[in-house]
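Understanding the architecture of this molecule
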Amino acid sequence: MRPAIKLVRKWWSYGPKPQKLRIWDPQAVGSGLLPRSSHARGLHQTGDHLQHSNLTYKHSNQVFKDIDIGNTSRRSGFQMRNFGSSTMGSTILRDERFAILEECDIHYFQKVVGERAVINDKDELEAANVDWLGKFKGASQVLLRPRTTKQVIVNLGAMNKILSFDEVSGVLVCEAGCILENLDKYLAEHGFTMPLDLGAKGSCQIGGNVSTNAGGLRFLRYGSLHGNVLGLEVVLPDGTIVDMLGTLRKDNTGYDLKQLFIGGEGTLGVVTKVSLLTPAKLSSVNVAFLACQDYLSCQEVLVLAKKKLGEVLSAFEFLDRSSLDMALDHLEGMRDPLPSAKQKFYLLIETTGSNENHDKEKLDVFLEDAVRTGHVVDGVVAQDNSQSSAFWRIREGIAEALNKAGAVYKYDLSIPVKDLYQLVEEMRAKLGDSAIVIGYGHLGDGNLHLNISAPKYDEKLLLQIEPFVYEWTSQHKGSVSAEHGLGFMKPHAIHYSKTPETVQLMVKMKNLLDPNGILNPYKVLPSIHI
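What comes next concerns the included structure. Keep in mind it's a predicted model, so treat the numbers as computed, not measured. All residue numbers here refer to positions counted from 1 along the written sequence of the relevant chain. Reporting in this predicted model follows two pLDDT cut-offs: at least 70 for local features of residues, and 80 or more for side-chain atom pairs to be given and counted; totals over whole chains, interfaces and linings ignore these cut-offs and use all residues. Side-chain numbers come from the whole structure's heavy atoms, not from hydrogens or water.

1. Here's the deal with the overall build of the protein
- The helix and strand tally for the protein stands at 15 helices and 19 strands.
- Each residue is placed in one exposure class: buried if its accessible area under a 1.4 Å probe, protein chains only, is under 20% of its type's maximum, exposed if it is over 50%, and partly exposed if it falls in between. By the burial criterion, 53% of the 530 residues in the protein qualify as buried.
- Of the contacts formed within the protein by residues at least 6 apart in sequence, a portion of 71% connects residues at least 24 apart.
- Every accessible area reported is derived by Shrake-Rupley at a probe size of 1.4 Å, with residue values counting cover from the shown protein chains alone. Of the roughly 24900 Å² that the protein leaves accessible, carbon and sulfur atoms contribute 51%. Elements are defined by DSSP. Helices are runs of H or I of four residues or more, strands are runs of E of two residues or more, and each kind is numbered from the N terminus. Contacts between residues were defined by any pair of non-hydrogen atoms, one from each residue, lying within 4.5 Å.

2. Some points on the sheet that holds strand β14 (residues 313-320)
- In short, DSSP must find at least two bridges between two strands for them to pair. The antiparallel open sheet is built from seven strands, whose spatial order is β16-β13-β15-β14-β18-β19-β17. Both outer strands of the open sheet, β16 (378-381) and β17 (407-414), are each paired with one neighbouring strand and no more. The average undirected angle you get between the axes of adjacent strands in this sheet is 15°.
- The pairing of strand β18 (residues 436-442) with strand β19 (residues 447-454) spans seven bridges and is classified as antiparallel. Counterpart to valine 437 in the pairing with β19 is isoleucine 452.
- Its contacts with the sheet put helix α10 (residues 356-372) on β13 (284-292), β15 (345-353) and β16, and the angle it makes with β13 is roughly 10°.
- Angles here are taken between N-to-C directions and fall from 0 to 180 degrees, while the axes themselves are lines fitted to C-alpha atoms, restricted in helices to the stretch in contact. On the sheet, helix α12 (residues 420-431) packs against β14, β15, β17, β18 and β19 and is oriented at approximately 15° with respect to β19.

3. Overview of the environment of leucine 420
- Summarising the element assignment, leucine 420 is placed in helix α12.
- C-alpha separation for the pair leucine 420 and leucine 448, spaced 28 residues apart in sequence, amounts to 6.7 Å.
- Aside from chain neighbours lying at most four places away, what touches leucine 420 is Tyr295, Phe318, Ile415, Leu443, Gly446, Asn447 and Leu448.

4. A short note on the side chain of lysine 362
- By the secondary structure assignment, lysine 362 is in helix α10.
- Of the side chains with opposite charge, glutamate 311 comes closest to the buried, unpaired lysine 362, at an N-O distance of 4.0 Å.
- Sequence-distant contacts of lysine 362, defined by excluding residues within four places in its chain, comprise Lys308, Leu309, Glu311 and Val312. Think of it this way: Lys and Arg go in the positive column, Asp and Glu in the negative one, and His and the chain ends go nowhere. Put simply, a salt bridge is a Lys or Arg side-chain nitrogen that is within 4 Å of an Asp or Glu carboxyl oxygen.

5. A word on the packing of aromatic side chains
- Pairing of aromatic side chains here covers Phe, Tyr and the six-membered ring of Trp, requires ring centres within 6.5 Å, and sorts the geometry by plane angle: under 30 degrees stacked, over 60 edge-to-face, intermediate tilted. The final tally for this structure, using the stated rule, is 13 aromatic pairs.
- Judged by centre distance (4.6 Å) and plane angle (75°), the rings of phenylalanine 345 and tyrosine 421 are edge-to-face. Here tyrosine 421 lies in helix α12 and phenylalanine 345 lies in strand β15, a separation of 76 residues in the sequence.
- By relative accessible area, which is 4% here, phenylalanine 345 ends up buried.
- An angle of 85° between the planes, with centres 5.5 Å apart, marks the rings of tyrosine 409 and tyrosine 457 as edge-to-face. Note that tyrosine 409 is positioned in strand β17 and tyrosine 457 in the loop between β19 and α13 (459-465), a separation of 48 residues in sequence.

6. Concerning the nonpolar core
- Side-chain atoms within 4.5 Å link the members of a nonpolar core, which is a set of buried Ala, Val, Leu, Ile, Met, Phe, Trp, Tyr and Cys residues. Among the nonpolar cores identified, the biggest contains 53 residues, and Leu347, Phe366, Tyr411, Leu450 and Ile452 are the most heavily contacted of them.
- Setting aside its immediate chain neighbours within four residues, phenylalanine 366 contacts Leu290, Val301, Leu304, Ala305, Lys308, Leu309 and Ile349.
- Core analysis: the next-biggest nonpolar cluster, separate from the first, contains 29 residues, Ala176, Phe192, Leu198 and Ile206 among them.

7. Observations concerning helix α14 (residues 468-475)
- When we look at burial in α14, the residues that qualify are Val469, Tyr470, Trp472 and Thr473. Viewed along the axis of α14, the buried residues span an arc of 165°, placing them on a single side of the element.
- Along its buried surface, α14 packs onto β17, α12, β19 and α13.
- Count one or two residues on from α14 and you reach lysine 477, which has phi positive near 60°. Taking the helix axis as origin, the arc is that swept by the directions to the C-beta atoms.

8. A few points about unusual backbone geometry
- Residue glutamate 466 is joined to proline 467 through a cis peptide bond whose omega torsion reads 5°.
- For proline 467, the position within the fold is in the loop between α13 and α14.
- A positive phi is found at lysine 342, a non-glycine position, where the angle reads about 50°.
- Along the chain, the position of lysine 342 falls in the loop between α9 (321-330) and β15.
- The class of lysine 342 is exposed, set by a relative accessible area of 55%.
- Backbone geometry places asparagine 520, a non-glycine residue, at a positive phi of 45°.
- Secondary-structure assignment places asparagine 520 in the segment after α15 (500-513).
- Asparagine 520 gets classed as buried once you look at its relative accessible area, which sits at 18%.

9. Quick word on the sheet that holds strand β8 (residues 162-166)
- The five strands are arranged β8-β9-β12-β10-β11 in an open sheet whose pairing can be described as antiparallel. In the strand order of this sheet, the two ends are held by β8 and β11 (241-244), each with one partner. Averaged over all pairs of adjacent strands, the angle between their axes in this sheet comes to 10°, without regard to strand direction.

Structure representation (structure tokens):
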């Protein structure tokens, strides 16, 4: 790794006097991320006045300069359209370490990644500046699409090559911009499958999946990406390319540094290549859709499924009646699999194995016991792939249905299974008729997706939800982020799940690897700590 450069001046201190900010000169020869350029998603360019001084520091093929920062207002920032967290309607203070995007930066980017990879089209920037829920809006003026690791990294969509696949070990090596669904289709041709499956598989990229440690629908069977990722190539904030792209299942030499970047949400480094252990694609798949009278019955069925289905159990999902109604009301072509049941809870159970007769026999025994004990009052088993897809479409389509229904407040929580649905019930009692509260998720993993649907975003409603939802989760020894990460919306809530000592250790790691704070700023850690 590149040796550190000794700082001649104190990095940063607040005060009325002009400050010194150390940057990479965009006129310098070489590659790397530029601290003086704002992050591509979510920063608003303000009118801070910058003047170059004549002080420079040289290292290798990079040139560093000191910049005088004038007396800028700490209130400068960018407005966010955020109604999904307790920072609603506030202005996030812009990090004063960042400089303003200038024409020389554009020319430098064009020189590094090529003119066609530097995007300033208004329509494309609009899509990149707004999150998929429409809650957050940035004002970035340029989007970069690099094609190689050595280029400036912002959008990895063009880095979408499969580099190798070993059909003996099942190890796949690919670039970070590969779409999850495309990888799964490629593997299927070779008799394998991805250990990860998400509702957004048609658009999400494997680099983002790794960076957020995405959980998904196969978590119960194959576990998290912390176990399935064998190696990574990562670009650090100073431009250093760290090759940890191993393909070995066993490698106990020193610290397992790749784990820092799995779930790091791009705040410590940018994942550019991934090696994954992929399981064989098994031929026997069964999907059952079951109805239960109460949440206790759902728990009993889960216990029974673990005992009776054992090694073939691959998914155990639950949804309440409000979730099912949401999907039926707002998604086209949706049909109720159990129109006469009208129960409070539904379970979607999948088995995956290699022996069709054996697997069906195990499923039949399980279902007979579940009905005999009264825990399941009705159910149906998919007879073909079309019915299986229809069942899964209900579960995967709930998030889409919620967006079509209006405003939605979303919470991704890990809670002990026995307590999980209690939060939904308490939230309903708390909000009354002001909103529709629904609960669904990965019951086998103890992961609740709590969603509150309302006609429009409302600050009074939000204040009833937060911080109550975080306090309740903390009191029940849960996590405020089960699989979606903290991102921009929940850094302030990290203390509900992590001790102060743990957060401080995270801050030290961040400051060590990214002292300039250029990677995915305003995410994961509360800004007050950075």
